[in-house]
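So you can see what is in the structure, the chains are spelled out below.
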Amino acid sequence: GPAAEGAVHAPAGLPLRLSSRPPLDWSALRRFFATRAIDGIESVGAQSWWRALHIGSTPVVVAIRAGGPDHLQIELHSDTLAILPPLLARLRQVFDLGAVPLAVGAALGSDPQLAPLLAERQGLRVPGGWGGFELAVRALLGQQISVPAALRLVGLLVERLGARLPDELARISGLRCCFPTAASVADADLSFLPMPRARQQALQALARAGC
(Lines give C-alpha, C1' and ligand atoms only; values in the text may rest on other atoms or scores of the structure.)
Protein backbone atom coordinates (compact mmCIF):
# COMPACT_ATOMS: atom_id res chain seq x y z
CA GLY A 1 0.00 0.00 0.00
CA PRO A 2 1.03 3.66 -0.26
CA ALA A 3 2.95 5.53 2.37
CA ALA A 4 -0.28 7.09 3.64
CA GLU A 5 -1.33 3.70 5.00
CA GLY A 6 1.95 3.20 6.87
CA ALA A 7 3.58 0.63 4.57
CA VAL A 8 6.47 2.86 3.50
CA HIS A 9 8.73 4.88 5.76
CA ALA A 10 9.67 8.04 3.85
CA PRO A 11 10.48 11.67 4.59
CA ALA A 12 7.40 13.82 5.06
CA GLY A 13 6.41 15.97 2.13
CA LEU A 14 5.52 19.64 2.17
CA PRO A 15 2.24 20.07 4.11
CA LEU A 16 -0.32 22.37 2.52
CA ARG A 17 -3.81 23.47 3.47
CA LEU A 18 -6.39 23.99 0.73
CA SER A 19 -9.19 26.17 2.06
CA SER A 20 -12.80 25.93 0.96
CA ARG A 21 -16.10 27.43 1.98
CA PRO A 22 -17.83 25.01 4.39
CA PRO A 23 -19.28 22.52 4.41
CA LEU A 24 -17.07 20.16 2.40
CA ASP A 25 -18.18 16.55 1.86
CA TRP A 26 -14.79 14.82 1.53
CA SER A 27 -16.33 11.36 1.98
CA ALA A 28 -18.43 11.71 -1.16
CA LEU A 29 -15.45 12.94 -3.17
CA ARG A 30 -13.28 10.09 -1.91
CA ARG A 31 -15.91 7.48 -2.81
CA PHE A 32 -16.31 8.91 -6.31
CA PHE A 33 -12.59 8.87 -7.04
CA ALA A 34 -12.04 5.49 -5.35
CA THR A 35 -14.32 3.75 -7.85
CA ARG A 36 -12.45 5.39 -10.74
CA ALA A 37 -8.85 5.13 -9.55
CA ILE A 38 -6.33 4.09 -12.21
CA ASP A 39 -3.82 1.50 -11.06
CA GLY A 40 -0.27 2.77 -11.08
CA ILE A 41 -0.98 6.51 -10.97
CA GLU A 42 -3.37 6.79 -8.03
CA SER A 43 -4.35 4.92 -4.90
CA VAL A 44 -7.36 5.74 -2.75
CA GLY A 45 -7.23 4.42 0.80
CA ALA A 46 -9.50 4.81 3.80
CA GLN A 47 -7.79 8.00 4.90
CA SER A 48 -6.04 9.43 1.85
CA TRP A 49 -5.75 9.56 -1.91
CA TRP A 50 -2.29 9.44 -3.51
CA ARG A 51 -1.92 10.72 -7.05
CA ALA A 52 1.05 11.04 -9.44
CA LEU A 53 0.96 13.65 -12.20
CA HIS A 54 3.08 15.93 -14.32
CA ILE A 55 2.96 19.70 -13.89
CA GLY A 56 4.61 20.77 -17.12
CA SER A 57 7.51 18.35 -17.38
CA THR A 58 7.91 17.94 -13.60
CA PRO A 59 6.70 14.72 -11.97
CA VAL A 60 4.80 15.35 -8.74
CA VAL A 61 3.16 13.14 -6.12
CA VAL A 62 0.45 14.44 -3.80
CA ALA A 63 -1.47 12.87 -0.95
CA ILE A 64 -4.90 14.38 -0.28
CA ARG A 65 -6.58 13.90 3.08
CA ALA A 66 -9.61 15.20 4.92
CA GLY A 67 -8.85 18.31 6.89
CA GLY A 68 -12.13 19.67 8.19
CA PRO A 69 -15.38 21.22 6.99
CA ASP A 70 -13.47 24.12 5.43
CA HIS A 71 -10.24 22.62 4.06
CA LEU A 72 -8.28 19.65 2.72
CA GLN A 73 -4.79 18.62 3.84
CA ILE A 74 -2.24 18.11 1.06
CA GLU A 75 1.18 16.48 1.27
CA LEU A 76 3.35 17.48 -1.69
CA HIS A 77 6.40 15.60 -2.94
CA SER A 78 8.36 17.38 -5.68
CA ASP A 79 11.93 18.48 -6.31
CA THR A 80 10.84 22.06 -7.04
CA LEU A 81 8.29 24.51 -5.66
CA ALA A 82 7.98 26.24 -9.03
CA ILE A 83 5.05 23.92 -9.76
CA LEU A 84 3.11 25.10 -6.69
CA PRO A 85 0.79 27.74 -8.29
CA PRO A 86 -0.41 25.54 -11.19
CA LEU A 87 -0.66 22.50 -8.90
CA LEU A 88 -2.83 24.32 -6.37
CA ALA A 89 -5.08 25.59 -9.16
CA ARG A 90 -5.40 22.03 -10.45
CA LEU A 91 -6.27 20.68 -7.01
CA ARG A 92 -8.90 23.35 -6.44
CA GLN A 93 -10.50 22.42 -9.75
CA VAL A 94 -10.39 18.66 -9.10
CA PHE A 95 -12.17 19.04 -5.76
CA ASP A 96 -14.46 21.95 -6.73
CA LEU A 97 -13.13 24.05 -3.87
CA GLY A 98 -14.41 27.25 -5.41
CA ALA A 99 -18.01 26.20 -4.82
CA VAL A 100 -20.18 28.27 -2.47
CA PRO A 101 -22.44 25.72 -0.73
CA LEU A 102 -24.60 28.29 1.04
CA ALA A 103 -25.32 30.05 -2.25
CA VAL A 104 -26.14 26.72 -3.89
CA GLY A 105 -28.49 25.92 -1.03
CA ALA A 106 -30.15 29.31 -1.24
CA ALA A 107 -30.68 28.98 -4.98
CA LEU A 108 -31.97 25.40 -4.99
CA GLY A 109 -33.42 24.99 -1.50
CA SER A 110 -36.79 26.46 -2.39
CA ASP A 111 -37.50 23.52 -4.70
CA PRO A 112 -39.54 20.95 -2.71
CA GLN A 113 -37.80 18.01 -4.38
CA LEU A 114 -34.27 19.35 -4.12
CA ALA A 115 -34.52 20.76 -0.58
CA PRO A 116 -34.41 17.39 1.26
CA LEU A 117 -31.56 16.20 -0.96
CA LEU A 118 -29.57 19.34 -0.18
CA ALA A 119 -30.19 18.86 3.52
CA GLU A 120 -29.02 15.24 3.32
CA ARG A 121 -25.91 15.89 1.22
CA GLN A 122 -24.53 19.15 2.53
CA GLY A 123 -21.18 20.15 1.10
CA LEU A 124 -21.50 17.93 -1.98
CA ARG A 125 -19.04 18.97 -4.71
CA VAL A 126 -18.72 18.33 -8.44
CA PRO A 127 -15.60 16.16 -8.98
CA GLY A 128 -13.22 17.48 -11.62
CA GLY A 129 -10.43 16.00 -13.71
CA TRP A 130 -6.65 16.23 -13.72
CA GLY A 131 -6.40 17.33 -17.35
CA GLY A 132 -8.32 17.62 -20.59
CA PHE A 133 -6.47 14.82 -22.38
CA GLU A 134 -6.97 12.39 -19.50
CA LEU A 135 -10.67 13.20 -19.29
CA ALA A 136 -11.10 12.74 -23.04
CA VAL A 137 -9.23 9.42 -23.01
CA ARG A 138 -11.32 8.14 -20.11
CA ALA A 139 -14.50 9.12 -21.93
CA LEU A 140 -13.43 7.53 -25.21
CA LEU A 141 -12.25 4.26 -23.66
CA GLY A 142 -15.34 4.09 -21.48
CA GLN A 143 -17.86 4.16 -24.32
CA GLN A 144 -20.48 1.41 -24.08
CA ILE A 145 -18.64 -0.55 -21.38
CA SER A 146 -18.70 -0.63 -17.58
CA VAL A 147 -16.53 1.54 -15.35
CA PRO A 148 -14.36 -1.46 -14.26
CA ALA A 149 -13.85 -2.51 -17.89
CA ALA A 150 -12.90 1.05 -18.86
CA LEU A 151 -10.44 1.21 -15.96
CA ARG A 152 -8.77 -1.97 -17.19
CA LEU A 153 -8.26 -0.39 -20.62
CA VAL A 154 -6.95 2.86 -19.16
CA GLY A 155 -4.70 0.88 -16.84
CA LEU A 156 -3.16 -0.95 -19.81
CA LEU A 157 -2.56 2.37 -21.57
CA VAL A 158 -0.95 3.87 -18.47
CA GLU A 159 1.27 0.85 -17.84
CA ARG A 160 2.53 0.75 -21.43
CA LEU A 161 2.85 4.47 -22.26
CA GLY A 162 2.91 6.39 -18.96
CA ALA A 163 6.21 8.02 -17.95
CA ARG A 164 7.79 6.22 -15.01
CA LEU A 165 8.13 8.10 -11.74
CA PRO A 166 11.59 8.82 -10.35
CA ASP A 167 12.58 6.11 -7.88
CA GLU A 168 12.19 8.34 -4.81
CA LEU A 169 8.64 9.40 -5.69
CA ALA A 170 7.72 5.80 -6.47
CA ARG A 171 9.14 4.65 -3.13
CA ILE A 172 7.30 7.33 -1.17
CA SER A 173 3.91 6.82 -2.80
CA GLY A 174 3.79 3.20 -3.94
CA LEU A 175 2.83 4.50 -7.40
CA ARG A 176 4.65 3.77 -10.65
CA CYS A 177 3.94 6.36 -13.32
CA CYS A 178 1.97 9.35 -14.59
CA PHE A 179 -0.85 9.44 -17.12
CA PRO A 180 0.49 9.25 -20.71
CA THR A 181 0.92 12.50 -22.60
CA ALA A 182 -0.82 13.07 -25.92
CA ALA A 183 2.57 12.94 -27.62
CA SER A 184 3.34 9.49 -26.17
CA VAL A 185 0.04 8.12 -27.51
CA ALA A 186 -0.05 9.90 -30.87
CA ASP A 187 2.26 7.54 -32.77
CA ALA A 188 2.28 4.51 -30.50
CA ASP A 189 1.21 1.04 -31.58
CA LEU A 190 -2.08 0.63 -29.72
CA SER A 191 -2.70 -2.98 -30.75
CA PHE A 192 -2.10 -4.03 -27.12
CA LEU A 193 -5.48 -2.50 -26.22
CA PRO A 194 -8.25 -5.12 -26.51
CA MET A 195 -10.80 -2.95 -28.30
CA PRO A 196 -12.02 -2.39 -31.88
CA ARG A 197 -9.50 -0.99 -34.34
CA ALA A 198 -11.81 1.95 -35.02
CA ARG A 199 -11.61 2.96 -31.36
CA GLN A 200 -7.83 2.65 -31.39
CA GLN A 201 -7.76 4.97 -34.39
CA ALA A 202 -10.09 7.41 -32.62
CA LEU A 203 -7.76 7.43 -29.61
CA GLN A 204 -4.79 8.09 -31.86
CA ALA A 205 -6.62 10.94 -33.62
CA LEU A 206 -7.51 12.43 -30.23
CA ALA A 207 -3.87 12.26 -29.15
CA ARG A 208 -2.61 13.86 -32.35
CA ALA A 209 -5.12 16.68 -31.98
CA GLY A 210 -3.85 17.26 -28.45
CA CYS A 211 -0.15 17.39 -29.31
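Before reading further, recall that the structure is shown in the block above.
In this report, the structure presented in the accompanying data block is examined. Since the model is a prediction, treat every value here as computed from it, not as a measurement.

Structural notes on helix α1 (residues 26-34)
Among all positions of α1, only W26, A28, L29 and F33 are buried. On an axial view of α1, the arc spanned by its buried residues comes to 165°, and they lie on one face. Between a side-chain oxygen at the N-terminus of α1 and the backbone nitrogen of S27 the separation is 3.3 Å; the capping residue is D25.

Observations regarding the packing of aromatic side chains
How two aromatic rings sit relative to each other is set out by the distance from centre to centre and by the angle between their planes. Applying the stated criterion to the full structure yields seven aromatic pairs. Centre to centre, the rings of F33 and W49 are 4.4 Å apart; their planes meet at 25°, and the pair counts as stacked. Here the residue F33 occupies a position in helix α1, and W49 occupies one in strand β3 (residues 48-55), the gap between them amounting to 16 residues. A relative accessible area of 7% means that F33 is categorised as buried. A relative accessible area of 1% means that W49 is categorised as buried. Ring geometry for W49 against W130: centres 5.7 Å apart, planes inclined by 70°, an arrangement best described as edge-to-face. Here W130 lies in the loop between α4 (114-120) and α5 (132-141) and W49 lies in strand β3, a separation of 81 residues in the sequence.

The rules behind each value
Residues numbered from 1 in each chain as written. Predicted model: local features only at pLDDT ≥ 70, side-chain atom pairs only at ≥ 80, totals over all residues. Heavy atoms only, no water. Buried < 20%, exposed > 50% of the residue type's maximum accessible area, 1.4 Å probe, protein only. Helix = DSSP H or I, 4+ residues; strand = E, 2+ residues; numbered from the N terminus. Arc of directions from axis to C-beta. Polar contact = N/O pair within 3.5 Å; in protein donor to acceptor, adjacent residues only side chain to side chain. Phe/Tyr/Trp six-rings, centres within 6.5 Å; stacked < 30°, edge-to-face > 60°.

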